[in-house]
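The lines below spell out each chain.
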Amino acid sequence: MTMQVRSIPFLALGGLFEQDDVQAATRVIAAAAGKDGSFFPQPEEADFQNAFAAHEGATGAVAVNSCGTALDVCMMVLGIKPGDEVITTPLTFVCTATCAIAQGAKVVFADVDRQTLCLDPEAVRRKITPKTKAIIPTHFAGHPADIEAFDRLSRDSGVPVIYDAAHAVGATFNGKPIGGAAKASCYSFQSNKNMTTLGEGGAITSADPEFLEQARRKKTFGYVYGKQLRVASIGFNYRMTKPQLAVGLTQLAKAARVNAIKREKFRAMSRLLAGVGELTLPAGFEGEGHGAHLYVLRLDTDKAAFTRDALRTHLKDKHGVATSLHYPAVWTWEAFDDLEYDRSDCRQAERACEQVVSLPIFPQTSDDDLNYIAWAIKQSLTELK
Ligand SMILES: Cc1ncc(COP(=O)(O)O)c(C=O)c1O
């Protein structure tokens, strides 16, 4: 069978941006231009933080301007400093690791679970030393990490866990939202995530009111509000703007719908690709717990006579299907060339980094395009043999 070549980009597009989002943003801008005259973020900030905390099962939330700054804030609140070690996954975005390095700590990479590609709690346990001061698992592609096992590990070792939940708005673990787990979770609302606050944005959630208060201070110059304003510690300005907060509320209201749409498309793709011998398909879309950010399959490079990169190039050049890569191992970024870090015993992650391919599946992807992408993959596997 031949098919007309299509052009399927890997768009920087994750959620649904609709009329209610436009109205929310323009409402606050119009108010500022009219009698209000200010972009002071209340009441939107409090409303968004309360709604987000409730959505994610946390005691509270602190809105910030990105997941990167959310992670930075968490490292600062934990007091991470030179001489400390922070354990994280190699299979993540760069800032999951650099947030620790920015505080002068050494990053220790531990291996991932072969199936979920999330940080493996037992691999982390083997790397804990008296210097370990934080563990940062990523809910990879939206699949929740093993929260139960990390809770146990944290209790046994006394080391706090901070989740990188950039991919995982709305994800659940054992039926519970993930945002109240461990010490804190850091979310991203950047433009390709399932909800976005006008392209950038993030939040920290926690069940610990003291942690939340310290995080709130860090993101606003260290301010302590009272009869008299105090600056009790060093802080920064990592605030979200008022229009972003207003859009955060409308985006949050449709986050469950976006996740459900994407999960359904991911399931459909898995049905279309079922039984293709050279591929390992992602797991976890059966129930409602997966955050459904990315569909990441693996090319079994032991069975295939070609590399993952050859497959990606062929898909793009011959069939017009753009894919993405989540992720190259963090230590391969040149910024790590001169750093001291530990990357021993990360065999599963190393293999995964050579095999993963992220497919272009978004809420707007049509059934027709899903069929075409699956056909192009199967066709490529035959053509490359
Ligand atoms: C796993 C992970 N962590 C953190 C981030 C950073 O998020 P932000 O762009 O909101 O800083 C990303 C962004 O894509 C990510 O994928």
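Each remark here, short or long, concerns the structure printed above.
Once a new chain begins, its residue numbering starts again from 1 and follows that chain's sequence as written. pLDDT decides what is reported in this predicted model: residues at 70 or higher carry local features, side-chain atom pairs at 80 or more are listed and counted, and totals for whole chains, interfaces and linings draw on all residues regardless. Hydrogens and water are ignored here; the side-chain numbers use all heavy atoms of the structure.

### Section: the site of the ligand
Inference 1: Whether a residue is near a molecule or strand is decided by its heavy atoms; if any one of them lies within 4 Å of it, the residue is near. As a matter of local geometry, the ligand sits amid 15 residues, with G68, D164, H167, S188 and K193 nearest to it.
Inference 2: Distance and chemistry together define a polar contact, namely a pair of N or O atoms within 3.5 Å, with one atom able to donate a hydrogen and the other to accept it when in protein, and with adjacent residues in sequence counting only for side-chain atoms on both sides. Within the side chain of K193, an N or O atom sits 2.7 Å from an oxygen atom of the ligand.
Inference 3: Using a 1.4 Å probe, the Shrake-Rupley method yields the accessible areas, and only the shown protein chains count as cover for residues. Here the ligand has 390 Å² of accessible area as a free molecule, and 89% of this is covered by the chains.
Inference 4: Each residue gets one of three labels, nonpolar for Ala, Val, Leu, Ile, Met, Phe, Trp, Tyr, Cys and Pro, charged for Asp, Glu, Lys and Arg, and polar for the others, Gly among them. The class makeup of the residues in the shell around the ligand is 5 nonpolar, 8 polar and 2 charged.

### Describing the pattern of salt bridges
Inference 1: Any Lys or Arg side-chain nitrogen found within 4 Å of a carboxyl oxygen on Asp or Glu counts as a salt bridge. Across all of its chains, the model carries 28 salt bridges by this definition.
Inference 2: A salt bridge links E18 to K254; the shortest N-O distance between them is 2.9 Å. Here K254 lies in the loop between α8 (242-253) and α9 (255-273) and E18 lies in the segment before α1 (19-33), a separation of 236 residues in the sequence.
Inference 3: Between D20 and K254 there is a salt bridge, with the nearest N and O atoms lying 2.7 Å from each other. One end of the pair, D20, is in helix α1; the other, K254, is in the loop between α8 and α9, and 234 residues separate them in sequence.
Inference 4: Buried residues are those whose accessible area, probed at 1.4 Å on protein chains only, stays under 20% of the maximum for their type, while exposed residues exceed 50% and partly exposed ones sit between those limits. Residue K254 is classed as buried on the basis of its relative accessible area, which comes to 3%. Put simply, DSSP H or I for four residues or longer makes a helix, DSSP E for two residues or longer makes a strand, and each gets a number counted from the N terminus.

### Observations concerning the packing of helix α2 (residues 44-55) against α8
Inference 1: Axis definition: a line fitted to C-alpha atoms, limited for helices to the stretch in contact. Angles are taken between N-to-C directions and run from 0 to 180 degrees. Packing of α2 against α8 leaves a shortest axis separation of 9 Å and a crossing angle of 30 degrees. Relative to α8, the element α2 is oriented roughly parallel. Note that α2 runs across α8; the crossing there is left-handed. Facing E44, E45, D47, F48, A51, F52 and H55 of α2, the residues of α8 in contact are K242, L245, A246, G248, L249 and L252. An angle below 35 degrees is treated as roughly parallel, one above 145 as roughly antiparallel, one from 65 to 115 as roughly perpendicular, and anything else as oblique. Crossings are sorted by hand: turned counterclockwise from the far helix by less than a right angle, the near helix makes the crossing left-handed, and turned clockwise it makes it right-handed. The contact rule is simple, with two residues in contact once any of their heavy atoms fall within 4.5 Å.

### Points about unusual backbone geometry
Inference 1: Residue Q42 is joined to P43 through a cis peptide bond whose omega torsion reads 5 degrees.
Inference 2: Tracing the sequence through the fold places P43 in the loop between α1 and α2.
Inference 3: Each neighbour pair has its own omega, and for H326 with Y327 the value is 10 degrees, a cis peptide bond.
Inference 4: Locating Y327 in the fold gives a position in the loop between α10 (308-319) and β14 (341-342).
Inference 5: Look at N174: it is not a glycine, yet its phi comes out positive at around 50 degrees.
Inference 6: Relative to the elements of secondary structure, N174 occurs in the loop between β6 (172-173) and β7 (176-177).
Inference 7: Using a relative accessible area of 60% as the deciding quantity, one classes N174 as exposed.

### What to know about the packing of aromatic side chains
Inference 1: Here a Phe, Tyr or Trp ring, Trp counted by its six-membered ring, pairs with any other such ring whose centre lies within 6.5 Å, and the pair is stacked when the planes are under 30 degrees apart, edge-to-face when over 60, and tilted otherwise. Per the stated rule, a full pass over the model turns up 18 aromatic pairs.
Inference 2: A centroid spacing of 6.3 Å and a plane angle of 50 degrees characterise the contact between F109 and F336, whose relative ring orientation is tilted. In this pair, F109 sits in strand β3 (residues 106-109) while F336 sits in the loop between α10 and β14, placing the two residues 227 residues apart along the sequence.
Inference 3: Aromatic side chains F285 and Y295 sit 5.8 Å apart centroid to centroid with 25 degrees between the ring planes, which places their arrangement in the stacked category. Of the two residues, F285 sits in the loop between β12 (279-280) and β13 (296-299) while Y295 sits in the loop between β12 and β13, which places them 10 residues apart along the sequence. Each member of the pair, F285 together with Y295, is buried.
Inference 4: One aromatic cluster is present, built from ring pairs that chain together F48, F52, Y187 and F189.

The values are spatial; any link to function lies outside them.
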